[in-house]
Amino acid sequence: MGYKVVVAGATGNVGREMLNILAEREFPADEVVALASRRSIGTEVSYGDKTLKCKDIEGFDFTGYDIALFAIGSDATKIYAPIAASQGCVVIDNSSLYRYDPEIPLIVPEVNPDAVENYRNKMIIANPNCSTAQMVVALKPLHDRARIKRVVVSTYQSVSGAGKEGMDELWNQTKGMYVPGQEVEPKKFQKQIAFNVIPQIDVFLDSGDTKEEWKMVAETKKILDTSIKVTATCVRVPVFVGHSEAINIETEDFLDEDEARDILREAPGILVIDKREPGGYATPVECVGDFATFVSRIRQDVTVENGLNLWCVSDNLRKGAALNAVQIAELLGNRVLKKG
Ligand SMILES: NC(=O)c1ccc[n+]([C@@H]2O[C@H](COP(=O)([O-])OP(=O)(O)OC[C@H]3O[C@@H](n4cnc5c(N)ncnc54)[C@H](OP(=O)(O)O)[C@@H]3O)[C@@H](O)[C@H]2O)c1
């Protein structure tokens, strides 16, 4: 007997990708139900070679369902996740609502799989922010070997991280720019995104950091190690899918760049592409639709005692959201629920 699975937010960027990945990875599901808002009742979404018709999440009875993968934003999650959990269905949530709750596990399966046992606290598991997920996958094996003390990261984040409206805005502005004299009016983003970069993702905090930057700090500590210092600058770039990160790492012990490359080659979830020649590195275009976190440009930072630089790229809708959520479902299934 397999699992009964709910995908909430099935019409969205992450929801559609979760359905694709459940099918691609042959998740042992006997039944998959697609939910979205009332606006989307009857909207057809693909699940492998099947087509599902979306139902309204309002009033949906989660009783008898094992796992609900949520990607509906924090406001709607606040209403529906507690309902699903109280009806006995484990929620794996992509929003930021529960990530910082000490009772709720925040999981990247390659990094802290044991935390899954804590799902029992509230029947909810949180999925990290897209930029954090790919970064901690790359940091974990290096931390195990040489103890990371400090991370300085700059991100180059695609517009799909801001949902389907973000993708539409880049598309419409890019088309619009070819019409001479056409004015560009930002809606989803704070400034023009086509042919531009914007050093603001989410709101500003009193510290001067943005909330996205704060999330990378808080989530890395919760998932990997509370003692690691992280400072981040998060930037939106005119790329449809795929987040990139330039990561500078300072370690307790010396780690040679060749050994770091070998460690990363062996690490789960990572694909090293690091030829020191033109084009011998990963870019977002190549990572779209892939499961891996790509690591390139691994090199010593000689300006500090024990320093390394690397370039990390991943499909934000996959490792940054949908894939990680499905991996958590697999972990929960294999370790705890044990069906299928
Ligand atoms: N995109 C990423 O890289 C990424 C990464 C990590 C986490 N996340 C998180 O994942 C969540 C979804 O992001 P997304 O990029 O998929 O957004 P999206 O493309 O804008 O899709 C939003 C989804 O939520 C549904 N929804 C919105 N309000 C709802 C309500 N009141 N009741 C029921 N369903 C509702 C929408 O349904 P309708 O079509 O019916 O409106 C749609 O299916 C967000 O919390 C986001 O922060 C996204």
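Computed from a predicted structure; not experimentally measured.

Visitor: I keep staring at the sheet that holds strand β8 (residues 124-126) and nothing clicks. Help me out?
Guide: What holds strands together in a sheet is hydrogen bonding between their backbones, with the strands either parallel or antiparallel. Strand order across the open sheet formed by 6 strands is β5-β2-β1-β6-β7-β8, with parallel pairing between neighbours. Each edge of the open sheet carries a strand with a single partner, namely β5 (55-56) and β8. Relative to strand β1 (residues 3-8), helix α1 (residues 13-24) is tilted by about 155°, and along the sheet it contacts β1, β2 (29-36) and β6 (67-70).

Visitor: Would you take a moment to explain the pattern of salt bridges for this structure?
Guide: A side chain with one charge can pair with a side chain of the opposite charge if their charged atoms come near. In this structure the tally under the stated criterion is 22 salt bridges. In this structure, K140 engages D144 in a salt bridge whose closest nitrogen and oxygen atoms are separated by 3.3 Å. Of this pair, K140 and D144 both sit in helix α3 (residues 130-146), 4 residues apart, which is roughly one turn of that helix. For K140, a relative accessible area of 22% puts it in the partly exposed group. A single network of salt bridges, built from pairs that share partners, joins E17, E24 and R318.

Visitor: I'm lost on the UniProt feature "binding site: phosphate" (unreviewed entry) in the protein in this one. Help?
Guide: The sites that carry the UniProt feature "binding site: phosphate" (unreviewed entry) are, in the present numbering, R99. Note on placement: R99 falls in the loop between β7 (90-93) and β8. You can call R99 buried: its relative accessible area is 5%. From its side chain, R99 meets the backbone oxygen of N127 in a polar contact 2.9 Å long.

Visitor: Please explain the site of the ligand as it appears in this structure.
Guide: In the region of the ligand, 26 residues are neighbours, and T11, V14, S37, R39 and S40 sit closest. G9 is positioned such that a nitrogen or oxygen atom in its backbone is 3.2 Å from an oxygen atom of the ligand. A distance of 2.8 Å separates an oxygen atom of the ligand from a polar side-chain atom of R39. Mapped by element, the contributors of at least two residues to the shell around the ligand are α1, α2 (73-86), α4 (163-176) and α8 (318-337). Partitioned by chemical class, the residues of the shell around the ligand number 10 nonpolar, 14 polar and 2 charged. Both domain 1 (3-128 + 321-337) and domain 2 (131-315) contribute no fewer than three residues apiece to the shell around the ligand.

Visitor: Would you explain unusual backbone geometry in this entry?
Guide: The phi torsion at E26 lies on the positive side, around 50°, for a residue other than glycine. For E26, a relative accessible area of 66% corresponds to the exposed category. For D202, which is not glycine, the phi torsion reads 75° and is therefore positive. Looking at the element boundaries, D202 is found in the loop between α4 and α5 (211-223).

Visitor: Mind showing me how you'd approach the side chain of T132 here?
Guide: Structurally, the position occupied by T132 is in helix α3. A distance of 3.2 Å separates the side chain of T132 from the side chain of E219, its partner in a polar contact. Not counting residues within four places of it along the chain, the set of residues in contact with T132 comprises K215, M216, E219, T220 and I223.

Visitor: Explain the nonpolar core here, please?
Guide: Soluble globular proteins: nonpolar side chains tend toward being buried together. Ranked by internal contacts, the top residues of the largest apolar core, which has 56 residues, are F62, F70, L142, V151, I247 and L310. For this core, the leading source of residues is α3, giving 8 residues. Other than its neighbours up to four places away in sequence, I247 contacts M135, L139, V151, V152, V153, L308, N309, L310 and C312. In terms of nonpolar packing, the next biggest core, distinct from the first, is built from 45 residues, M18, V45, I92 and A329 among them.

Visitor: Just checking my understanding: could you explain the domain arrangement of the protein for this structure?
Guide: A common way to report how large an interface is uses the accessible area buried once the components associate. Taken as a whole, the protein is organised into domain 1 (3-128 + 321-337) and domain 2 (131-315). With 20 residues of domain 1 in contact, the opposing surface of domain 2 contributes 19 residues. Of the roughly 1,600 Å² buried at the junction of domain 1 and domain 2 (both faces included), carbon and sulfur atoms supply 64%. By the criterion of area lost to domain 2, the three top residues of domain 1 are N13, Y100 and V111, representing 36% of everything that side buries. Run the count over domain 1 and domain 2 and you get 1 salt bridge. Where E219 meets R99, a salt bridge forms, and the shortest distance between an N and an O atom there is 3.1 Å. The interface formed by domain 1 and domain 2 holds 7 residue pairs in polar contact (both at pLDDT 80 or more) in total. The element best represented in the side of domain 1 that touches domain 2 is α1, accounting for 3 residues.

Visitor: Would you take a moment to explain the packing of α1 against α8 for this structure?
Guide: In a packed pair of helices, the relevant descriptors are the angle between the two axes and the axis-to-axis distance. Across the interface, α1 lies against α8 with an axial gap of 9 Å and an inter-helix angle of 50°. As the angle between them shows, α1 and α8 are arranged oblique. Between α1 and α8 lies a crossing whose hand is right-handed. On the side of α1, the interface is formed by V14, E17, M18, N20, I21, L22 and E24, while α8 contributes R318, A321, A322, L323, A325 and V326. Considered class by class, the residues forming the contact of α1 with α8 number 9 nonpolar, 1 polar and 3 charged.

Rules of the game
Residues numbered from 1 in each chain as written. Predicted model: local features only at pLDDT ≥ 70, side-chain atom pairs only at ≥ 80, totals over all residues. Heavy atoms only, no water. Pairing = 2+ DSSP bridges. Helix = DSSP H or I, 4+ residues; strand = E, 2+ residues; numbered from the N terminus. Contact = heavy atoms within 4.5 Å. Axes fitted to C-alpha atoms, helices over the stretch in contact; angles between N-to-C directions. Salt bridge = Lys/Arg side-chain N within 4 Å of Asp/Glu carboxyl O. Buried < 20%, exposed > 50% of the residue type's maximum accessible area, 1.4 Å probe, protein only. UniProt positions renumbered as here; feature names shortened; annotations may be inferred. Polar contact = N/O pair within 3.5 Å; in protein donor to acceptor, adjacent residues only side chain to side chain. Near = heavy atom within 4 Å. Nonpolar A, V, L, I, M, F, W, Y, C, P; charged D, E, K, R; others polar. Domains from an automatic or database assignment. Core = buried A, V, L, I, M, F, W, Y, C linked by side-chain atoms within 4.5 Å. Buried area = accessible area lost by both parts, 1.4 Å probe. Parallel < 35°, antiparallel > 145°, perpendicular 65-115°, else oblique. Left-handed = near helix turned anticlockwise from the far one by under 90°.

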